[in-house]
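Chain and residue survey
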Amino acid sequence: MNRLIQFLFLILGITALVACNDDVTYADQVKRERSAINAYIADSAVSVISEDEFRNNNYTTDVSKNEFVLFQSSGLYLQIIRKGTGSHIATGETARVLCRFTERNLLTDSIQLSNTISPYYYRWVETMTVTNNSGTFSGSFDNNSSLMSMFYGSTTIPSGWLAVLPYINFARYADENSEIAKVRIIVPHDLGQTYAMQNVYPCLYDITFERGR
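1. Some details on the overall build of the chain
- The helix and strand tally for the chain stands at six helices and nine strands.
- Classification of the 213 residues of the chain by burial places 47% in the buried group.
- When the accessible surface of the chain is summed, it comes to about 10,500 Å², and 51% of that surface belongs to carbon and sulfur atoms.

2. Considerations on the side chain of Glu33
- Of note, Glu33 is situated in helix α2 (residues 26-43).
- Here His189 takes part through its backbone nitrogen, which lies 2.7 Å from a polar atom of the side chain of Glu33.

3. What about the pairing of strand β6 (residues 126-133)?
- Of all eight residues that make up β6, six are buried, and the element is covered over most of its length.
- The sheet contact formed by strand β4 (residues 94-105) and β6 spans six bridges and is antiparallel. Directly across from Arg96, in β6, lies its bridge partner Thr129.
- Note: β6 against strand β7 (residues 136-141), six bridges, orientation antiparallel. Bridge pairing links Asn133 to Thr136 in β7.
- Counting the residues that bridge the hairpin from β6 to β7 gives two residues, and of these Ser134 lies at a positive phi of roughly 55 degrees.

4. Quick look at the packing of aromatic side chains
- If you walk through the whole model with that rule in mind, you get 12 aromatic pairs.
- When the centroid spacing of 5.5 Å and the interplanar angle of 65 degrees are considered together, the rings of Phe101 and Trp161 count as edge-to-face. In this pair, Phe101 sits in strand β4 while Trp161 sits in helix α5 (residues 159-162), placing the two residues 60 residues apart along the sequence. The two residues Phe101 and Trp161 agree in class, both being buried.
- Seen in terms of ring centroids, Tyr120 and Tyr121 are 5.2 Å apart; in terms of plane orientation they differ by 90 degrees. Their pairing is edge-to-face.
- For Tyr121, a relative accessible area of 0% puts it in the buried group.
- Site record: aromatic cluster; members linked through ring pairs are Phe54, Tyr59, Phe71 and Tyr167.

Criteria and cut-off values
Each chain has its residues counted from 1, running along the sequence as written. Only residues with pLDDT of at least 70 get local features here, since the model is predicted, and only at 80 or more are side-chain atom pairs given and counted; chain-wide, interface and lining totals rely on the full set of residues. For side-chain calculations, the full set of non-hydrogen atoms in the structure is used, while hydrogens and water are omitted. Starting at the N terminus, helices and strands are each numbered in turn, a helix being any DSSP run of H or I of at least four residues and a strand any DSSP run of E of at least two. Working definition: with a 1.4 Å probe on protein chains only, accessible area under 20% of the residue-type maximum means buried, over 50% means exposed, and in between means partly exposed. Accessible areas in this description were obtained via Shrake-Rupley with a 1.4 Å probe; residue shielding takes into account the shown protein chains only. Pairing of N or O atoms within 3.5 Å defines a polar contact, subject to two protein rules: one partner must be a possible hydrogen donor and the other a possible acceptor, and residues neighboring in sequence count only if both atoms are side-chain atoms. Two strands form a pair only when DSSP identifies at least two bridges running between them. Two rings from Phe, Tyr or Trp (for Trp, the six-membered ring) form a pair when their centres sit within 6.5 Å of each other. Planes less than 30 degrees apart are called stacked, planes more than 60 degrees apart edge-to-face, and all others tilted.

So, in structure tokens, the structure goes:
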């Protein structure tokens, strides 16, 4: 029942967006999206740093200052909350990655999907297979264990998720010295899941990444 209710709320929210979108142009939708992102940045006292600053800081962000790096070419904002122990996914390597996430629609300021908050969905560990192609990542969700795939009808991993993978490490939680990587990202519609792309809205994600077996 909880699953059905959440799914219905998601559909109602998307339907409302579609209804509104009938009266506006794509340019208007992009402006609205930009306004929603700017409002979050202002309301959350985000400190935006440049890619040069990010690189000079050894590809880290200062969480105590609520820093996010802005990637100018894509419009993605990234905060590395925990870089993680373990290692990078090497060039040419294919790895299984387990994720827990919360997705918030910044246009409506509402949580759309999460496997960390809902007790029902907690048993669904987001699983994906990714490959490092000389620094560029590709991959797909496991259709049998993916909320993203189930709700949005696609096994394609959003580009916004893949874009953060070069900057974190991947480990399995083994003991108190293990640290699972965690990021917060602001993802514009063109880097997002299928509904965000179709209806032009940005999402805020909190995601942990753990190396699978």
